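The residues making up each chain are set out below.
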Amino acid sequence: KLSHASVQVTNGEAVTEVLASTLAGIFMAGAEVNGKAIPTGNKPIFVIPQDPTSIVLTPTSPVMRSGGLASTNIHAELYDENLNVTSDGVYQVTFNVSGPGILDENLDEIPNIEGIQISTVSGTFDLPLRSTEGTGDVIITATYQPLSDGNAEKQNPTITGQTTVTVRNDLALKFIPE
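What counts, and at which threshold
- Residues numbered from 1 in each chain as written.
- Predicted model: local features only at pLDDT ≥ 70, side-chain atom pairs only at ≥ 80, totals over all residues.
- Heavy atoms only, no water.
- Helix = DSSP H or I, 4+ residues; strand = E, 2+ residues; numbered from the N terminus.
- Buried < 20%, exposed > 50% of the residue type's maximum accessible area, 1.4 Å probe, protein only.
- Contact = heavy atoms within 4.5 Å.
- Areas by Shrake-Rupley, 256 points an atom, 1.4 Å probe, with all protein chains shown as cover.
- Pairing = 2+ DSSP bridges.
- Axes fitted to C-alpha atoms, helices over the stretch in contact; angles between N-to-C directions.
- Core = buried A, V, L, I, M, F, W, Y, C linked by side-chain atoms within 4.5 Å.
- Polar contact = N/O pair within 3.5 Å; in protein donor to acceptor, adjacent residues only side chain to side chain.
- pLDDT = per-residue confidence, 0-100.

Draft legend 1. Structural context of the overall build of the protein chain. Helix and strand content of the protein chain: zero helices and 16 strands. Taking all 178 residues of the protein chain together, the buried fraction comes to 30%. Considering only residue pairs separated by 6 or more positions, the protein chain has 64% of its internal contacts joining residues 24 or more positions apart. In the form shown here, the protein chain has an accessible surface area of approximately 11,700 Å², with 53% of it arising from carbon and sulfur atoms.

As structure tokens, this is what we get:
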């Protein structure tokens, strides 16, 4: 989506913001007049993703051993409606855990608010999850609340993602000779 109203021309060079309607990333552009290509300099065009519409959480391992020594990473990604990773702003995501697992509280940017608050500018991050003495399912929930644009008629919906890691006490390493 090209905002014609935001195009600024300086010394024959047009500058604007391009918002992805399908694919975000870096693109090269050409120009033509009446179907004939005209010479252009190879200038990259940065197409930015839209605002986040979903959060996907993926554990490195869906199972951990109980006892408090086992851990796995929870990989989080924020996507726009076209499945582009949102990487054009600062996004603060709140993580909550229920069940026999603990998130690293040292990563919490706002300790006086419930949950673990972490900011990302790349749209992705990894968060370590550690087991406890208990067994069962650990449910990890990530929530992102977009900032209001001041328009009371348009409410920005809260975006939530969730994953589960099972903590068991019957896991053991088994070495098999060749």
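Resuming the write-up.
Draft legend 2. Structural context of the sheet that holds strand 14 (residues 124–131). Read across the open sheet, the four strands follow the order 8-10-14-12; overall the sheet is antiparallel. Two strands close off the open sheet at either side, each with one partner strand: strand 8 (54–59) and strand 12 (101–103). Taking each pair of neighbouring strands and ignoring which way they run, the sheet shows an average axis angle of 30°. Looking at chain direction, strand 8 and strand 10 (residues 71–79) are connected through six bridges and run antiparallel. Its bridge partner being in strand 10, Thr58 is matched across the sheet by His75.

Draft legend 3. Seen up close, unusual backbone geometry. Residue Leu83 is not a glycine yet carries a positive backbone phi of 65°. Among the secondary structure elements, Leu83 is positioned in the loop between strand 10 and strand 11 (91–98).

Draft legend 4. Focus on the pairing of strand 13 (residues 116–120). Of all five residues in strand 13, four are buried; the element is thus mostly enclosed. Judged from the five bridges that link them, strand 11 and strand 13 form a sheet pairing that is antiparallel. Across the sheet, Phe95 pairs through a bridge with Ile116, a residue of strand 13.

Draft legend 5. A look at the nonpolar core. Counting residues in hydrophobic clusters, the biggest one holds 23 residues, and the most contacted among them are Ile55, Leu57, Val93, Phe95, Leu129 and Ile140. Looking at this core, the elements that each hand over two or more residues are strand 8, strand 10, strand 11, strand 13, strand 14, strand 15 (136–144) and strand 16 (159–168). Here this core takes four residues from strand 15, the largest share from any one element. Setting aside chain neighbours within four positions, we find Val93 in contact with Ile55, Leu78, Ile116, Gln117, Ile118, Phe125, Ala142, Thr143 and Tyr144.

Draft legend 6. Main features of the side chain of Gln117. Within the element layout of this structure, Gln117 appears in strand 13. Note on Gln117: relative accessible area 2%, which makes it buried. A polar contact of 3.5 Å, which involves the side chain of Gln117, links it to the backbone oxygen of Ile113. Not counting residues within four places of it along the chain, the set of residues in contact with Gln117 comprises Gln92, Val93, Thr94, Leu107, Asp108, Glu109 and Ile110.

Draft legend 7. Representation of the confidence of the model for the protein chain. Residues with a pLDDT of 70 or more make up 80% of the protein chain, whose mean pLDDT is 84. The secondary structure element of the protein chain with the lowest average pLDDT is strand 3 (residues 18–19), at 62, and the one with the highest is strand 15, at 97.

Draft legend 8. Structural detail: the sheet that holds strand 13. Taking strand neighbours across the sheet as the criterion, the five strands line up as 9-16-15-11-13 in an open arrangement whose pairing is mixed. A strand with exactly one partner marks an edge of an open sheet, and here the two such strands are strand 9 (63–65) and strand 13. Across the sheet, the mean angle from the axis of one strand to that of its neighbour is 30°, orientation sign disregarded. Bridging between strand 9 and strand 16 involves three bridges; their strand directions are parallel. Directly across from Val63, in strand 16, lies its bridge partner Thr166.

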